[in-house]
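# Secondary and tertiary structure notes
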Amino acid sequence: MSKTNVDEKFLDKKITRRQMLKLTGVGVAGLAIGASGLGGVLSAFGEELFVDDDTTATNKVNFYGKHQSGIATAVQTNIYFAALNVLVNSKQELQELFKMWTPLAIRMMNGESISMEKQNDLIPPKDTGEAQGLDARNLSITFGVGLSLFEKQELGLASLKPAELKDLPHFPKDQLDEAYTGGDICIQACADDPQVAFHAVRNLVRAASGKVTIKWSQAGFNSFPVEKGKKQTPRNLFAFKDGTENPSGEKDMNEVVWVQPGESTSWMTSGTYLVVRRIQLHLETWDRTSLKEQEKTFGRHRESGAPLGKRNEFDGMEIERKDENGNYIVPENSHVFLAKQAKARIMRRSYSYSSGIIDSTGAYDAGLVFVSFQKDPEQFIKIQNALGRLDKLNEYITHRGSGVFACFPGVKKGSYIGEALFNTL
Ligand SMILES: C=CC1=C(C)c2cc3[nH]c(cc4nc(cc5[nH]c(cc1n2)c(C)c5CCC(=O)O)C(CCC(=O)O)=C4C)c(C)c3C=C
Ligand SMILES: [Fe+2]
């Protein structure tokens, strides 16, 4: 295309004043710039126009930063998690895919449409449109890559596979369904609105038509009671507060979640590993269980979320506490007692799900989209092994789906998702 045509195409676009300022990177005075000047800016960026975080947007999570969004980000009310198959045949095409996704993700996280182009009514709209009129709703989008991506010979990525990225071992009570397991790429979209989260994945996948397909996906939700204006820990579908004991603050996050220089392959520095488990909760069995048994299952009180024998949610667990008969107050087979025995930490960021009824049993297909972040999946494995066959919670749950993904570090302005990986090639 000739430069003149590029200029014409550009001038044809409906472009807001705010977007123009971002594109040109100039102040109001710079708006006097002529058409050819704008064309220069445009051709400098080609199709990948630089899109910045819009600091004026409401309910906005930043895209750019040391770490990806959706990990340390305050937990939102909704998730749409998708595991994708990759269809491209070369690492260059894969790199192009992540480059193409970058401005789209930023625009959606700004609460904007994925396209700035004026709608031509003879072709389908670029953006599917269902998030129109909603703001960013604290949308975060987290990208990760699975083991199977590194095993695709045609992509030539084998030498870049981090040693930590392995299939999880089979755990005693697993009943994994291939239909909810694995994936070459994961996209975790979280937002304070179900439609905004869904829209994000739908538009990323649609823009990559012919390059990816969805292997499996799961929507989830959290509800936050508010007390004295402060959001409280959400309850899972067993009605217990879930997410009380989690790392918080930079020191904890560096110790537990963020890969530090030299700890994994270099492109993973400031990244993390995501473990997802689709865990069915047997609500029917749980609802026939006494409150006392329920509380002994977790080792916490249902109403307050406090450790057994204590009053407040954030009181210390002190699992070694014994009663006058010398018995542990927090039972040795309780979920929390065993999780603590592992002497490993993870950051949990889970959501409930409800997906109709299981045909064969008539039971609810409902449970937990368990998501954890850790600098090494081994941390998750240690805890799951400690829970093992002993966890009293096993009577009420079944693990049905699973995935492990290496989540890239954050993106620097002017760069793109996954650049660290492709730069290592
Ligand atoms: C392997 C890791 C874990 C899996 C899988 C898991 C499943 C699971 N958990 C709940 C509900 C609760 N878990 C709670 C605490 C808790 N769980 C894990 C790990 C896994 N849970 C850890 C590391 C902890 C924290 C332990 C501690 O140090 O205190 C709690 C208590 C409240 C809280 O801290 O969040 C609940 C409730 C369900 C329903 C579930 C599977 C469906
Ligand atoms: Fe747990």
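Once a new chain begins, its residue numbering starts again from 1 and follows that chain's sequence as written. Chains carry letters and ligands carry numbers; both start at the beginning, A for chains and 1 for ligands, and go up in the order they are written. Only residues with pLDDT of at least 70 get local features here, since the model is predicted, and only at 80 or more are side-chain atom pairs given and counted; chain-wide, interface and lining totals rely on the full set of residues.

By the naming in an unreviewed UniProt entry, the protein chain goes by Deferrochelatase and is assigned to Lysinibacillus composti. UniProt positions are given in the numbering used here, feature names are shortened, and annotations may be inferred rather than shown by experiment. Note on the protein chain: under the UniProt heading Subcellular location (unreviewed entry), the record states "Cell envelope". Listed in UniProt under the heading Catalytic activity (unreviewed entry), the comment for the protein chain reads: "heme b + 2 H(+) = protoporphyrin IX + Fe(2+)".

### Focus: the site of ligand 1
Near, for a residue, is defined by distance from a backbone-placed C-beta atom to a molecule or strand, with 6 Å as the limit that must not be exceeded. With respect to spatial proximity, 27 residues lie near ligand 1, and among them F240, T244, E245, I279 and A339 are the closest. Mapped by element, the contributors of at least two residues to the shell around ligand 1 are β7 (272-281), α10 (335-341), β10 (364-374) and α11 (377-387). All amino acids are sorted into three groups, where Ala, Val, Leu, Ile, Met, Phe, Trp, Tyr, Cys and Pro are nonpolar, Asp, Glu, Lys and Arg are charged, and the leftover types, Gly among them, are polar. By residue class, the composition of the shell around ligand 1 is 15 nonpolar, six polar and six charged. Secondary structure elements follow DSSP: runs of H or I of four or more residues count as helices, runs of E of two or more count as strands, with numbering from the N terminus.

### A look at the UniProt feature "domain: Dyp-type peroxidase C-terminal" (unreviewed entry) in the protein chain
Per the UniProt annotation, the sites labelled "domain: Dyp-type peroxidase C-terminal" (unreviewed entry) are residues 233-411. What you have in residues 233-411 is 21% helix and 23% strand, and the ends, taken at the C-alpha atoms, are 30 Å apart.

### Quick look at the pairing of β7
Buried residues are those with 20 or more other C-beta atoms within 10 Å of their own C-beta, exposed residues have 12 or fewer, and partly exposed residues lie in between; C-beta atoms are placed from the backbone. Across the ten residues of β7, nine count as buried, placing the element largely inside the fold. Note: β7 against strand β11 (residues 397-407), ten bridges, orientation antiparallel. Its bridge partner lying in β11, I279 is registered against H399. Strand direction decides the pairing type here: β7 and β10, joined by eight bridges, are antiparallel. Looking at the pairing, V275 lines up with S372 of β10. Here, strands pair whenever DSSP counts at least two bridges between them.

### A word on the environment of T244
Assignment of secondary structure puts T244 in the loop between β6 (230-231) and α7 (249-256). Distance from T244 to I106, taken between C-alpha atoms, is 31 Å for residues 138 residues apart in sequence. A pair of residues counts as a contact when their C-beta atoms, built from backbone coordinates, are within 7 Å of each other. Setting aside residues up to four positions removed in sequence, T244 forms contacts with T233, G305, E313 and F314.

### Details of the environment of L157
By the element assignment, L157 lies in the loop between α5 (147-150) and β3 (185-191). Look at L157 and you get partly exposed, because 19 C-beta atoms sit within 10 Å. Separated by 264 residues in the primary sequence, L157 and L421 have C-alpha atoms spaced 9.3 Å apart. Look past the residues within four positions of L157 in its chain and what remains in contact with it is K91, L149 and F150.

### Notes on helix α6 (residues 194-207)
Over its 14 residues, α6 runs 20 Å from end to end, which matches the ideal 20 Å to within 8%, given 1.5 Å per residue. Turning to α6, the residues buried within the fold contact β1 (78-86), α4 (91-109), β2 (140-146), β3 and β4 (212-221). The span you would expect from a helix comes to 1.5 Å times its residue count less one.

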